[in-house]
Amino acid sequence: MSIEPEPREPELIAPEPDAPPPRVSRRKLGLAGLLGVSVAAVIVVTGIMARDKSNAELRDWTDAQAIPSVAVALPDAKLLTATLDLPGRLEAYSRAPIFARVSGYLKSWSADIGAKVKAGQVIAEIEAPDLDQQLLQARADLASQQASARLSEATLNRRKTLVASNFVSAQEIDERTADLANKKAAVNSGQANVERLEALAGYKNITVPFDGVITERNTDVGALISGGAGTGPAMFVVSDITKLRVYVNVPQSYVPAIKIGAKAELTLPDYPNRAFTATLEASSQAVDVGSGTTRMQLALDNSRGELMPGGYANVRLNLSHDGAPLHIPASALVFGRNGLRVATVGPDDRVLFKKVAIARDLGRDIEIASGLASEDRIITAPPDGINDGDPVRVVSGPKSAKPATASEKQDSKG
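Note that this is a predicted model, so its numbers are computed, not measured. (Residues numbered from 1 in each chain as written. Predicted model: local features only at pLDDT ≥ 70, side-chain atom pairs only at ≥ 80, totals over all residues. Heavy atoms only, no water.)

### Considering the sheet that holds strand β6 (residues 122-127)
In plain terms, the rule: At least two bridges found by DSSP between two strands are what make those strands a pair. Strands here are runs of E lasting at least two residues and helices are runs of H or I lasting at least four, both read from the DSSP assignment and numbered beginning at the N terminus.
With respect to topology, 4 strands assemble into an open sheet ordered β7-β6-β4-β9, the strand pairing being antiparallel. Edge positions in the open sheet fall to β7 (205-207) and β9 (224-225), since each of these has one partner strand only. The pairing of strand β4 (residues 104-109) with β6 spans 4 bridges and is antiparallel. Looking at β6, one finds that Ser108 is bridged to Glu125.

Structural data, given as structure tokens:
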């Protein structure tokens, strides 16, 4: 039997402690350092460029956000309504306040308010005893003057018969002739005074100048009457109400659109379910400085006596336009120290303010009298703080200032 030898562990050979490390060349070390610096430089440059790009994008985004976004629209050239409603006042076509011509006391009256009277009708009588006495005195003076004139004429005639006998001189004849002329002039003066007082006495009877209705009576029996003054309330007021005048004050901007002879429709609180037709008769052809309006007069038939002078009426006037006016939203108006303006957007998408004048305020819509053209792009709701020349971003509405064609408008409506 054979005996196998035990396996022997391999012997570990320890390196010699004083063995030198492997040597690396300087060239390799330089290349490695250069490569590391290059990588670091690339990383730094890439980071700086990325940050600059991010800052630029942030600036562009901020600038873009700073530009306000606006909605624009073109002025709408349409005729919203062809009528104009204004308040009016009814007046009698003929109205005569009656004052006394003579002084005295009211003796009687026969016509009260609402009474229908005829031209020449006596409606009151004044008692004037002092006037009666003046008339008696004037008539007596006239009789005395007439007697003196007759005596002077007779004396002159007798003197003329003695001229041939040289008993009367030519000088005396001339004096008598002049005296007769003076007496006749005194007679004429006295006659005129009597006729004047007789005319005044005729005014003791108060008569009506035309057919109408007594609309006022401001006196009574026994009242003291001051004649010829024309101050204070009138004794009576007579009005012809078979035809009425309607006065209405029209704003200056609408005067050219209202023509003489145009028809108007009147509605009154007395008759809420009825309408009356009036005709424009006259215009004052002047603008009142205080109100900026022109007064116009309409004629209204009232032969039935249904309407009363002094009443209020709503007058609807028909307007005539040479062309359709421009309308813009009320929100487009800008009020400031520079007046009433509208912000528009030019072809370069920059703000341009234009001063405008309003023709009519229709609530949501404003009718423009002047200051805008049909191709102007108006900002419907201008943001606060915008000024002339500011850039804006149009987000709604026409993108250019070119006006829309008829087909485009038709398509937009369709």
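### Details of the sheet that holds strand β19 (residues 357-361)
Taking strand neighbours across the sheet as the criterion, the 4 strands line up as β2-β15-β20-β19 in an open arrangement whose pairing is antiparallel. Looking at which strands have only one partner, the edges of the open sheet turn out to be β2 (76-77) and β19. Sheet topology places strand β15 (residues 326-329) next to strand β20 (residues 365-370); 4 bridges connect them, and they run antiparallel. Paired with Pro329 across the bridge in β20 is Asp365.

### Thoughts on helix α3 (residues 170-202)
Our working rule: Expected span of a helix, by definition, is 1.5 Å for each gap between consecutive residues, and there is one gap fewer than residues. Throughout this description, buried means an accessible area under 20% of the type-specific maximum (1.4 Å probe, protein chains only), exposed means over 50%, and partly exposed covers the range between.
Between its first and last C-alpha, α3 extends 48 Å over 33 residues, near the 48 Å set by a 1.5 Å rise per residue. If you check which residues of α3 are buried, you get Ile173, Leu180, Val187, Gly190, Val194, Leu197, Leu200 and Ala201.

### Here's the deal with a nonpolar patch on the surface
Under the convention used in this document: Patch definition: residues with relative accessible area over 30% and no salt bridge; like charges joined within 9 Å; nonpolar side chains (Val, Leu, Ile, Met, Phe, Trp, Tyr) joined within 5 Å. All accessible-area figures derive from a Shrake-Rupley calculation using a 1.4 Å probe, and residue coverage is judged against the displayed protein chains alone. What counts as a salt bridge is simple: a side-chain nitrogen of Lys or Arg found within 4 Å of a carboxyl oxygen of Asp or Glu.
Taken together, the side chains of Leu35, Val39 and Ile43 define a hydrophobic patch exposed on the protein surface, amounting to about 300 Å² of accessible area. Positionally, Ile43 belongs in helix α1 (residues 26-66).

### Quick notes on the packing of aromatic side chains
Any two aromatic rings considered together are summarised by their centre-to-centre distance and by the angle between their planes. As a reminder, the rule being used: Here is the rule: rings of Phe, Tyr and Trp (six-membered ring for Trp) pair when centre to centre is within 6.5 Å. Planes less than 30 degrees apart are stacked, more than 60 are edge-to-face, and the remainder are tilted. Either the NZ atom of lysine or the CZ atom of arginine qualifies as a charge over a ring when it sits within 6 Å of the ring centre and within 35 degrees of the ring normal.
Within this structure, the stated rule accounts for 1 aromatic pair. Over the ring of Tyr271 we find Arg274; its NZ or CZ atom is 5.2 Å from the centre of that ring. Here the basic side chain of Arg295 rests over the ring of Tyr247, its NZ or CZ set 4.2 Å away from the ring centre.

### Some thoughts on the packing of helix α2 (residues 129-161) against α3
Quick reminder of the rule: Axis geometry follows a simple rule: fit a line to the C-alpha atoms, using only the stretch in contact for helices, then measure angles between N-to-C directions, giving values from 0 to 180 degrees. Each angle gets one of four labels, with under 35 degrees taken as roughly parallel, over 145 as roughly antiparallel, 65 to 115 as roughly perpendicular, and the rest as oblique. For a crossing to be left-handed, the near helix must be turned anticlockwise from the far one by less than a right angle; the clockwise case is right-handed. When residues are sorted by character, Ala, Val, Leu, Ile, Met, Phe, Trp, Tyr, Cys and Pro go into the nonpolar class, Asp, Glu, Lys and Arg into the charged class, and all the rest, Gly among them, into the polar class.
For the pair α2 and α3, the least separation of the axes is 8 Å and the interaxial angle reads 160°. Considered as vectors, α2 and α3 are oriented roughly antiparallel to each other. The chirality of how α2 crosses α3 is left-handed. Within the contact of α2 with α3, the residues separate by chemical class into 14 nonpolar, 10 polar and 10 charged.

### Some remarks on unusual backbone geometry
Even without being glycine, Gln285 reaches a positive phi, approximately 60°. One can find Gln285 in the loop between β12 (271-283) and β13 (293-301). A relative accessible area of 67% means that Gln285 is categorised as exposed. The backbone of Asp349 shows a phi angle near 60°, a positive value even though the residue is not glycine. When you line up the elements, Asp349 lands in the loop between β17 (339-345) and β18 (351-355). Since its relative accessible area comes to 28%, Asp349 is described here as partly exposed.

### What to know about α2
Rule in force here: It only takes one pair of heavy atoms within 4.5 Å for two residues to be counted as in contact.
The terminal C-alpha atoms of α2, which comprises 33 residues, lie 49 Å apart, in line with the 48 Å expected from a rise of 1.5 Å per residue. For α2, every residue scored as buried is listed here: Leu131, Leu135, Ala138, Leu142, Ala149, Ser152, Thr155 and Leu156. Lining the buried residues of α2 we find α3.

### Here's the deal with the pairing of strand β14 (residues 312-318)
Of the two faces of β14, only one is covered, namely that formed by Ala313, Val315 and Leu317; the face formed by Tyr312, Asn314, Arg316 and Asn318 stays uncovered. Pairing of strand β3 (residues 83-98) with β14 involves 7 bridges; the strand directions are antiparallel. Along β14, the bridge assignment pairs Asp85 with Arg316. Of the strand pairs in this sheet, strand β11 (residues 263-268) and β14 are connected by 4 bridges, and their pairing is antiparallel.

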